[in-house]
Amino acid sequence: MSAGMLVVVLMLASPSWAQKKKDSSALTDKVTQLMDLSAKRPVIKLNGNKFRDFVKSAPRNYSIIVMFTALSASRQCAICKQASDEYHLVANSYRYSQFYSNKLFFAMVDFDEGPDVFQTMKLNTAPVFMHFPAKGKPKKADNMDIQRTGFSSEAIAKWIGERTEMNIRVFRPPNYTGTVALLMLFSLVGGLLYLRRNNLEFLYNKTAWSLIALFFVFAMISGQMWNHIRGPPFVQKTQSGGVSYIHGSSQGQFVLETYFVMVIYALIVGGMIMLTEAGDSKGDVGKRRILAVVGLALLAFFFSLILSIFRSKAGGYPYSFLIK
């Protein structure tokens, strides 16, 4: 009786043991293939079949970060190339760091190479960054909110650290453009001062210094420093296929949006200057009247416009003027 029971137990255990051995062998093969592909290029390119094999199919004991993008010029994704460069920077930093292992991989799916993947994932926009954990299905936080955080390499690395506890230190190649530009500027200013060394009265030109100060103020209050820190996209494609120039939230902005805001502030100040000049000058009454009307029109219209933009970004803001 005991011998019969032993036979039955062995017969029942054999399929389970065989299946575990098969799964282990399949997992080893997948990890080996991923390590080989990762050794060739830090970001693994996936099509539909590879996405299903390496990302969606079990068994899997590794996390994988996937960027869904559309790099072809015909797709007219204005920010995909920039986002791809930042993503590759993170992957390269991880590939050559001390934390590199077979527990985390970076991959990319281009729309032209895997349209079925976009359909399966119900994606109609790009770029999208998703984390597929080793166990379980991706959660809401596994989809990176680039509209809130931007897609700079530092932001991507921080998000990956939150999802995988893998802290990647980004090694950005040195960019000497700013240094060279600064040296050229100092050289130009130094050369100009040397050539005009016998006549430096232009340094006391109040109008020139006022314009320089105004430009600096406009650049700062329009959000250029925020752009430098956060690295937001230039524009954003909408779900309907159009282009959004103004960010829909007060917590974010686009680069082009800040240029709009800077120009609007300049026109508002220009209108105020015209009104002031019309009141203080002692010239022809007709010209002063025209100057006052034009200044008032500029001030009223563009102040209404900037207020309308702020209202669209700050939900619940009750005030408006001329333009809602």
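Described in the following lines is the structure provided in the data block. These numbers were taken from a predicted model, which means no experiment stands behind them.

**Concerning the state of the cysteines**
Summed over all chains, the structure comprises one disulfide. Here cysteine 77 pairs with cysteine 80 through a disulfide, and the sulfurs are 1.9 Å apart. As the torsion about the S-S bond is roughly 75 degrees, the cysteine 77-cysteine 80 disulfide counts as right-handed.

**What about a nonpolar patch on the surface?**
There is a patch of nonpolar side chains on the surface, built from Leu182, Leu185, Phe186, Val189, Leu193, Leu200, Leu203, Tyr204, Trp209 and Ile212 and spanning about 990 Å² of accessible area. Sorting the residues of the nonpolar patch by element identifies α7 (177–195) and α8 (206–221) as the ones contributing at least two each. It is α7 that contributes the most residues to the nonpolar patch, five residues altogether. Mapped onto the secondary structure, phenylalanine 186 falls in helix α7.

**What about the packing of aromatic side chains?**
Here the structure, examined in full by the defined rule, presents 10 aromatic pairs. Aromatic side chains phenylalanine 301 and phenylalanine 302 sit 5.0 Å apart centroid to centroid with 85 degrees between the ring planes, which places their arrangement in the edge-to-face category. Joined through ring pairs, the aromatic side chains of Phe51, Phe68, Phe111, Phe118 and Phe132 make up one cluster.

**Things to note about the pattern of salt bridges**
Inspection of every chain in the model, using the stated rule, returns four salt bridges. Of the charged contacts, one joins aspartate 116 and arginine 52 as a salt bridge, the two residues approaching to 3.0 Å between their closest N and O atoms. With aspartate 116 in helix α4 (residues 115–120) and arginine 52 in helix α2 (residues 48–56), this pair connects stretches of sequence that are 64 residues apart. Exposure remark for arginine 52: the relative accessible area of 35% places this residue in the partly exposed category.

**Some words on the nonpolar core**
Tyr87, Val90, Leu104, Phe106, Phe129, Ile160 and Ile168 are the most contacted members of the largest nonpolar core, which has 29 residues in total. Elements represented by at least two residues in this core include exactly β2 (63–69), α3 (80–95), β3 (104–110) and α6 (153–164). With near-sequence residues (within four places) excluded, isoleucine 168 lies in contact with Val90, Ser93, Tyr94, Leu104, Phe106, Ala157 and Ile160. Grouped together as the second largest cluster of nonpolar side chains are 22 residues, Leu34, Phe68, Ala107 and Phe132 included.

About the cut-offs
Residues numbered from 1 in each chain as written. Predicted model: local features only at pLDDT ≥ 70, side-chain atom pairs only at ≥ 80, totals over all residues. Heavy atoms only, no water. Disulfide = S-S within 2.5 Å. Patch = residues over 30% accessible without salt bridge, like charges linked within 9 Å, V, L, I, M, F, W, Y side chains within 5 Å. Areas by Shrake-Rupley, 256 points an atom, 1.4 Å probe, with all protein chains shown as cover. Salt bridge = Lys/Arg side-chain N within 4 Å of Asp/Glu carboxyl O. Helix = DSSP H or I, 4+ residues; strand = E, 2+ residues; numbered from the N terminus. Phe/Tyr/Trp six-rings, centres within 6.5 Å; stacked < 30°, edge-to-face > 60°. Buried < 20%, exposed > 50% of the residue type's maximum accessible area, 1.4 Å probe, protein only. Core = buried A, V, L, I, M, F, W, Y, C linked by side-chain atoms within 4.5 Å. Contact = heavy atoms within 4.5 Å.

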